[in-house]
Amino acid sequence: MTSSPSRTLVVLVGAYSLVAVALLTGALGGVAGPPESREIFNSPLEAALTGALGGLVGYLLSFSSAGVLGLVYASSLSGMSRGSTLIDLLVRGSLLAPAVFGFSDFASVCLAWRYGYAKSARSVLKFTGYAVVMGAAAALALPPRCSTAAWWAVRLDSLAAGTSVLAIPAWAYLRSGERTMRGTGLALATSAAALLVSSTSGALGALAGAFSGAIPWLIPRRLFFRKVVEIPPPPVGPRVQRSVADDIAEVRRLILERMAEGGL
Amino acid sequence: MFAPILAALSLLLAGALSPPAAAPACLVVLIEASLEARGWIRGRRRRKLLLRVLERARELKEAGHRERSRELILSAIRYELAARLSQPLNSDLAELSPALPRAWRDLLSSGSADDLLRAAEVLLSGESRPRLL
């Protein structure tokens, strides 16, 4: 049975979404209760902007951590929206969307890398846009607690923040488009991202983790390219069978050329 | 040249600042290093195998089995070229041909056992003129 990348992606994202929904609804038991913040925003615009930032950070952290932080996010929000009306379901979907988009894009980049397909960084930008819109929508629907959607990342401990370097090779693939990248370039990007995350903490640490994916773009592209071992030209050409007629024609051509030049 | 040193220093510094935050990065770097080492080991193994095959092909040629010798060298060259061109190692010549330089294509299709042997030596040594063995 052959496996197609698209089918693999659908299965992976489906399984991830199910786990995330189970964590959000508390079916698997959240690792942390819902954050206590109950800020009420002065205007819907403020709420929408905060939610949009939450969506952006959530998407980037979920991508950068290979989906790990998306599940932490879902778990930390367990119990936020317990109703079963259509609105509640939509709100839950909007809350989870950035995390699922992040994992989905990560899996998509990894599969493109594995199967040698081209993957443009534009698709990441597109899904970032979707995550921002979904984050803003969730924040508008849940005004009393929307700040939690934006700043949940502050609650990340060091180990969780450190997982945001897991997808550096995927970011590097987006940057270089090379299937066989140089190990030193990848190691440098990963170490630089780890240094960035380790040297920051709290909200800054979460933001650093979210934007650690930009590090491969700060490293010269040539560092990711493997030195191509050129195939040397063969020492001899193939021996072509020649006939006497060919040889006579060649000699005749040479004599005619010389005569044309006035040498004979 | 400086990239590995810079990477090691960054990782050490990250570990000193916050060991838990640097732990996942250490794991990722370890995986990257092991993949790199695997590629290097495979390359060495491939080279040794090619040398053995060429030795055997030479023996066959000296024993008068020129056609078998030719087939053996052809198979070894095809394997090496597939590896160098990042193609599946079981690719046949028809699959490799589009990615091959014209001179190699012509040689593989109509070269004699002696030509192929010299070409395989060139492929191993990486020079356009074969070494005197």
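That block above? That's the structure.
To start, this report covers the structure provided alongside it. (Residues numbered from 1 in each chain as written. Chains lettered and ligands numbered in written order. Predicted model: local features only at pLDDT ≥ 70, side-chain atom pairs only at ≥ 80, totals over all residues. Heavy atoms only, no water.)

### Overview of the overall build of chain A
Step number 1: From N to C terminus, chain A includes 12 helices and 0 strands.
Step number 2: Mapped from its N terminus to its C terminus, chain A presents α and β elements in the order α-α-α-α-α-α-α-α-α-α-α-α.
Step number 3: Residue burial in chain A is summarised as follows: out of 264 residues, 45% are buried.
Step number 4: Long-range contacts, defined here as pairs at least 24 residues apart, represent 85% of the contacts in chain A between residues at least 6 apart.
Step number 5: Carbon together with sulfur atoms contributes 65% to the accessible area of chain A, which is approximately 13,400 Å² in total. (Helix = DSSP H or I, 4+ residues; strand = E, 2+ residues; numbered from the N terminus. Buried < 20%, exposed > 50% of the residue type's maximum accessible area, 1.4 Å probe, protein only. Contact = heavy atoms within 4.5 Å. Areas by Shrake-Rupley, 256 points an atom, 1.4 Å probe, with all protein chains shown as cover.)

### Description of the interface of chain A and chain B
Step number 1: The interface is formed by 34 residues belonging to chain A together with 38 residues belonging to chain B.
Step number 2: A combined buried area of about 2,900 Å² lies between chain A and chain B, and 74% of that area is made up of carbon and sulfur atoms.
Step number 3: Of all residues in chain A, I231, P232 and P235 of chain A give up the largest surface area on contact with chain B, accounting jointly for 20% of the area buried on that side.
Step number 4: Where chain A touches chain B, the interface holds 0 salt bridges.
Step number 5: Elements with a minimum of two residues in the side of chain A that touches chain B: α7 (158–162) and α9 (183–198) of chain A.
Step number 6: Grouping the constituent residues of the side of chain A that touches chain B by class yields 20 nonpolar, 10 polar and 4 charged. (Buried area = accessible area lost by both parts, 1.4 Å probe. Salt bridge = Lys/Arg side-chain N within 4 Å of Asp/Glu carboxyl O. Nonpolar A, V, L, I, M, F, W, Y, C, P; charged D, E, K, R; others polar.)

### So, a positive patch on the surface
Step number 1: On the surface, R44, R47, K48 and R52 of chain B cluster together into a positively charged patch.
Step number 2: Here R47 of chain B lies in helix α2 (residues 19–62). (Patch = residues over 30% accessible without salt bridge, like charges linked within 9 Å, V, L, I, M, F, W, Y side chains within 5 Å. Lys, Arg positive; Asp, Glu negative; His and termini not counted. Charge placed at Lys NZ, Arg CZ, Asp CG, Glu CD.)

### A word on the pattern of salt bridges
Residue and element names in this part refer to chain B.
Step number 1: Tallied over the full model, the rule gives 8 salt bridges over all chains.
Step number 2: Here R58 makes a salt bridge to E121, at a shortest N to O gap of 2.8 Å. A residue pair is termed long-range when its members are at least 10 positions apart, and R58 in helix α2 and E121 in helix α6 (residues 113–125) qualify at 63 residues.
Step number 3: Here K61 and D114 are joined by a salt bridge, their closest N and O atoms 2.8 Å apart. In this pair, K61 is assigned in helix α2 and D114 in helix α6, connecting sequence segments 53 residues apart.

### Quick notes on unusual backbone geometry
Step number 1: In this model, A66 of chain A sits at a positive phi of 60°, which is unusual for a non-glycine residue.
Step number 2: Under the relative-accessibility criterion, A66 of chain A is labelled partly exposed at 22%.

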